[in-house]
Amino acid sequence: MEGVSNLKYGFSSEGYKVDLDLLVQVNNPNVLDIDVSNMISQAYYPLNGELYYIGQGYKESEWIPKQSDHNLSFPFQLVLNPGENGVFSDVLSKCGRNERLDIQYNIALHAKVLFVERDINTTSSTSIDCPM
C-alpha cells in the first residue's frame, strides 16, 4: 500500500508548506524481525529532467515483523517556495489540471537483525494528489 495520510498544508514564512505521512509498504520475507532506526529522508520534485529538493523527514524507529508486508507511515515536511526554480508554478499547473504530483525520495536508515547491524540507503518514488 502506498499513499498519503495526515495531510496538512498552508502558507508559512518559508513558502507553501505541506506536512504529510507517506505510507510505504515494506516487505520482510525473512524469518527474523528487523529493528529499523534513525530513518532520515529527503524528497525531490522532478522538473525538466532535474530533481529539486523540496523537503525532508525523520522517523526514530519502526519494528518490521518477520515474514510480513508491513505498512510504514513516514512523516515528511515539504516546502514549495514560489520564488524558486519553477517547482511551485509546475505544482499549481498540475493541480489546476487535477494531475497527480510525482515525488522522488531517498531514505537512509539503520537496520538491526539480532546482533547484525547495517546502514542502508534506499530510493523510490510515488505520486500524490494535489495538496492545494
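Each value, and the rule that gives it
Residues numbered from 1 in each chain as written. Predicted model: local features only at pLDDT ≥ 70, side-chain atom pairs only at ≥ 80, totals over all residues. Heavy atoms only, no water. Pairing = 2+ DSSP bridges. Helix = DSSP H or I, 4+ residues; strand = E, 2+ residues; numbered from the N terminus. Buried < 20%, exposed > 50% of the residue type's maximum accessible area, 1.4 Å probe, protein only. Contact = heavy atoms within 4.5 Å. Core = buried A, V, L, I, M, F, W, Y, C linked by side-chain atoms within 4.5 Å.

## Brief notes about the pairing of strand 6 (residues 101-113)
Both faces of the sheet carry side chains from a regular strand, because those side chains alternate between them.
(1) Moving on: Across eight bridges, strand 3 (residues 34-47) lies against strand 6 in antiparallel orientation. From the neighbouring strand, Ser37 faces strand 6, where its bridge partner is His110.
(2) Moving on: Strand direction decides the pairing type here: strand 6 and strand 7 (residues 116-128), joined by 13 bridges, are antiparallel. What sits directly across from Tyr105, in strand 7, is Ser124.

## A look at the environment of Asp35
(1) Moving on: Within the secondary structure layout, Asp35 lies in strand 3.
(2) Moving on: The exposure class assigned to Asp35 is partly exposed, which follows from its relative accessible area of 28%.
(3) Moving on: The contact partners of Asp35, leaving out residues within four places of it in the chain, are Glu62, Trp63, His110, Ala111 and Lys112.

## Section: the nonpolar core
(1) Moving on: One finds Ile54, Phe76 and Leu78 to be the most contacted residues of the largest nonpolar core, which totals 29 residues.
(2) Moving on: Counting residues per element, the ones that place at least two in this core are strand 2 (15-28), strand 3, strand 4 (50-64), strand 5 (68-80), helix 1 (87-96) and strand 6.
(3) Moving on: Beyond its immediate chain neighbours, meaning those up to four positions away, Leu78 contacts Tyr16, Lys17, Val18, Leu20, Ala43, Ile54, Gly55 and Ile103.

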